[in-house]
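Observations on the three-dimensional arrangement
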Amino acid sequence: MLFSAHSHSSSFTKVTLAHLLKFIPSFNSLAFSSTRFRSTSPPSSRTQLISHIITSFRQKDHDQHLLNHSSISNLRPHEVEPILFGLRATPDLAISFFEWSERHLGFTHHNLESFCSLIHLLLQKRMFDDARGVFDKMTERFRDFDCFHAFHMGLTSYQSNASTVYSFLVDNYCRIGNIDRAVELFFQMSKMVISISPYALMRMMNSLVDMNRIDIILNVYQEIANETRENNDLCPNLYGYVMGGFFKKGDANFGFEFHKAIIERGLVPNVVTCNKIMKGLCNDKCLGVANDFLSLMTEIGPIPTVVTFSTLMKAYCKETKLKEAFQLYDMMLVIGITPDLVVYSILVDGLFRAGKLDEGYQVILVALDKGIILDVVVLSSIIDAYVKKGNLQKGFDVYKKMLDGGIKPSVVTYGILINGLCQIGNLDEGVAIFGQILKQGLHPSVLVYTSLIDGMCKSGNLRYGFWLYDEMVTCGYTPDETVYSVLINGLTKQGRMHDAIRFFYKSDLKHGIVAYNTLIDGFCKLNLMKEAVKLYMKMGTYNLKPDIVTYTILIKATIETGRLPEALILFYQALKTGLLPDRVTYSVLIDGFCKENNVFIGLWILEMMLKNGVKPDIDVYNILINGFFKTGQLQKALEIFGQVRAYGPEPDIVTYNTIMSGYCSLKMLNEAVEVFYKEMKKKANVVTYTILIDGYCKEGKVEDAMSMFLVMLEQGLEPNVVTYSSLIDGYFKMLEMETALELHELMVRNEVCPNIVSYSVLIDGLCKRGSMEEALMVFHGALRRRLLPDVIVYAILIHGYCKVGRLGDAVLMYRLMVKEGIVPDGFLRGILAEYGVT
């Protein structure tokens, strides 16, 4: 039997499949049952009409033949079902007939059996989208009907899969919002032992979760649990789905209520499933909910495992919430769960990430005392933490303990050590460890090669760096973008741009943005802006978009050439392309404008920086404070400094040195000294003392300057060339020539290399004394050191020769200067005009 119509007319004739086949011997594919119809035509004519309709649709000429058929207008709604059944092999034709009959015959009231038949054959062919469309029309026309029994009658005739049919119905009732009907179908399926598909079940549970229908959820869960006692895979998944649904929609309390209720019903969830939920909460950073969930598990079950605790512990450590992580550790001990290697590794890693290396080391000792055997992975991570913090010696101590404990280092371990050694320029030891890798038969990793190549390039040993590159390729490794960028950077730092470009194009690798930025930066540093722009333009040829680093490099180079408006254009171009300037970009712009005494534009850029959510560091504020001091705007500089002290970031030693230097430049030495004694005495560096020494010397207080110099030596600080130059200049101005020359000799003896500024100070002092021969000797000494004299040095010498009446020597010095390509400044042109030197 297929379907039974819901008509109450007793005159309807019941036709079985066997009876129907007697009337239609050629229509043996037409099989339907329980079709009730009322007709004035004999049965044979009705079957002929049905057969004719099926044939017409199969031949796709129904519009031409059927509409003019004498009996077509007499087709009844209950005769639609056998036609659909006859077209079941070609579902598209069945859909066409269904729509055609509505359109041309006015069957706006296809009966329920017609809809059921069409959905059956569509589902059999897995045409779910079309079936959904028919379902929507059916539910719109028959708002309340016995869906279960209506579809059940066609299962045999259409050989449909009961689970597929009813899961489809449950899913679609949920889709249209008729949840109660979906739940009713589910329980009818359970009574008939028809399984629901996981997809339909999850759709129904999702709808129930959205409506917070805890009561129905629990009943469904109970039913599923009863059905799956032997195969319990579905129940844990359902539990996780429900809990996850409540948590995702922010209704954690409903989730906890559900958890309590199923335990009260004796359905304790699997702890593995609970651990998965815990992991999901931690991944979503819902640590408060995760902690509450752990407390609930501890209170009523299931009993948490070490995995439960370690999952939440790891999440806390990632968020640097170490206090909470250690509270979990204490809780584990209280409830009798023994921490394992993973737990201790998480705690150690968390402490190291927070910079608490000593505390991390203490945790390691606790682990060892408890018999935990640390493996190479944990020890390597410990070494890595020390290396990243710059404590390479401590890293090597752990490495030695690893060796003493019989734990064989891995390539990762060696790579960490080599990287640390190369970072501090200790290449010999780095190469020695590289030898250890080869000696033990290990294969160096790309990281090992990259670290060594980077170290060699930074030390200027490009030859060995390229040898390592060739060795890496020979060993079968494919160099990555980082390796190429390191080598290109090494070449550009030595000004070998031709070689860098040749190596860049020689490689088969499609270069990324890092390599392009490295080359562009190299061109910019050599003031080869045309080549830099050409390379920038070429990026577009390879569909490579410049990033904010590219723009920052170009902005900085443009500023250094004094083209500030063009730098701003580049900045806005970066914004227009959707790039977000970072702290470095803003700092470069602010520094550029402040150096050109456009401090208020720098301040405006800072406001834009804050508006765009980029947090300035103290370096930015130091630049602005220095800029306001340079332009003589004391109050504005102090206002910025006050804001920093009130709202952050924390002022550093550069901040206070800038304040002191600013005071000295405005001849406010007492205020500078006050800052020194209030803020800087314990943390002063060479720059701090040099600022005060220079300030004292400029005010003629050389004895105070010398006292500060001696204090500096007592603190174990080594004076630099600026410190000595300030003192020498001060003593020269006080006409204490012997002391000045003794200081210069002391500087040389202490292996402090003079620069052109210190030489200019010495030459100036000798010229003022009239000792031109000695001044000339110092000048040649600078040349021997390959220090190129600038216009200031030449002006000092020319002026000195003019003052002692040696105009011929002044003319010779001037001509030498012009020959060297140095252009006279205003001061020198005044001297030349005054003494008539040309």
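Only a predicted model underlies this, so the values are computations on that prediction, with no experimental measurement involved. (Residues numbered from 1 in each chain as written. Predicted model: local features only at pLDDT ≥ 70, side-chain atom pairs only at ≥ 80, totals over all residues. Heavy atoms only, no water.)

For the rest of this paragraph, the subject is the overall build of the protein chain. Along the backbone of the protein chain there are 47 helices and zero strands. In the protein chain, 62% of the contacts between residues at least 6 apart in sequence involve partners at least 24 apart. (Helix = DSSP H or I, 4+ residues; strand = E, 2+ residues; numbered from the N terminus. Contact = heavy atoms within 4.5 Å.)

For helix α40 (residues 702-714), with 13 residues, the first-to-last C-alpha span of 18 Å sits near the 18 Å given by 1.5 Å per residue. Within α40, burial applies to V702, A705, M706, M708, F709 and M712. Take α40 and look down its axis: the buried residues cluster within an arc of 160 degrees, on one side only. In α40, the exposed positions that point more than 90 degrees away from the buried face belong to E703 and E714. Buried positions along α40 lie against α38 (669-680), α39 (686-698), α41 (721-733) and α42 (737-749). Once α40 ends, the next one or two residues include G716, with phi positive near 80 degrees. (Expected span 1.5 Å × (residues − 1). Buried < 20%, exposed > 50% of the residue type's maximum accessible area, 1.4 Å probe, protein only. Arc of directions from axis to C-beta.)

Those residues of helix α30 (residues 529-539) that sit buried are M529, A532, L535, Y536 and M539. Burial along α30 is one-sided: seen end-on, the buried residues are contained in an arc of 125 degrees. Exposed and facing more than 90 degrees away from the buried side of α30 are K530, K534 and M537. Where the residues of α30 are buried, they touch α28 (497-506), α29 (513-525), α31 (548-560) and α32 (564-576).

Here the protein chain shows a mean pLDDT of 83. Residues at 70 or above account for 89%. Per-element mean pLDDT across the protein chain ranges from 33 in helix α1 (residues 17-23) up to 94 in helix α17 (residues 306-318). (pLDDT = per-residue confidence, 0-100.)

As a further point, take the packing of aromatic side chains. Counting across every chain of the model gives 35 aromatic pairs. Between F504 and Y516, the aromatic rings sit 5.0 Å apart at their centres with planes inclined by 80 degrees, giving edge-to-face as the arrangement. Placement of F504 in helix α28 and of Y516 in helix α29 is noted, with a sequence separation of 12 residues between them. Site record: aromatic cluster; members linked through ring pairs are F466, Y469, Y484 and F503. (Phe/Tyr/Trp six-rings, centres within 6.5 Å; stacked < 30°, edge-to-face > 60°.)

Another aspect to go through is the pattern of salt bridges. For the structure on display, the rule yields 25 salt bridges. For E566, the salt bridge identified is with R563, shortest N-O distance 3.1 Å. Between R583 and D617 there is a salt bridge, with the nearest N and O atoms lying 4.0 Å from each other. Residue R583 is located in helix α33 (residues 583-595), and its partner D617 is located in the loop between α34 (599-611) and α35 (618-630); the two are separated by 34 residues in the primary sequence. By relative accessible area, D617 is classed as partly exposed at 22%. (Salt bridge = Lys/Arg side-chain N within 4 Å of Asp/Glu carboxyl O.)

What follows deals with the nonpolar core. One finds F258 and F293 to be the most contacted residues of the largest nonpolar core, which totals 277 residues. Top contributing element to this core by residue count: helix α45 (residues 791-803), with nine residues. (Core = buried A, V, L, I, M, F, W, Y, C linked by side-chain atoms within 4.5 Å.)

A cluster of nonpolar side chains, namely Y572, I601 and W604, defines an oily patch on the protein surface of about 270 Å² accessible area. As for its placement among the helices and strands, I601 is situated in helix α34. (Patch = residues over 30% accessible without salt bridge, like charges linked within 9 Å, V, L, I, M, F, W, Y side chains within 5 Å. Areas by Shrake-Rupley, 256 points an atom, 1.4 Å probe, with all protein chains shown as cover.)

Bringing the environment of V446 into the picture now. Following the sequence through the fold, V446 ends up in helix α25 (residues 446-458). The spacing of V446 and M472 is 26 residues in sequence and 7.9 Å in space, taken between C-alpha atoms. When sequence neighbours within four positions are dropped, the list of residues in contact with V446 reads M472, Y477 and D480.

Of note, H744 is situated in helix α42. Residues contacting H744, with those up to four places away along its chain left out, are I728 and L762.

Before going further, it helps to examine the environment of Y656. In this fold, Y656 is placed in helix α37 (residues 653-665). Between the C-alpha atom of Y656 and that of E679, which follows or precedes it by 23 residues, the distance is 7.7 Å. If near-sequence neighbours (up to four positions away) are discounted, Y656 is found in contact with F641, R645, P651, V675, E679, M680 and K683.

Close contact between α17 and helix α19 (residues 341-353) brings their axes to 10 Å; oriented N to C, the two are set at 10 degrees. Relative to α19, α17 is oriented roughly parallel. Taking contact as the criterion, the partners of V306, S310, M313, K314 and C317 in α17 are, on α19, V342, V343, I346, L347 and G350. (Axes fitted to C-alpha atoms, helices over the stretch in contact; angles between N-to-C directions. Parallel < 35°, antiparallel > 145°, perpendicular 65-115°, else oblique.)

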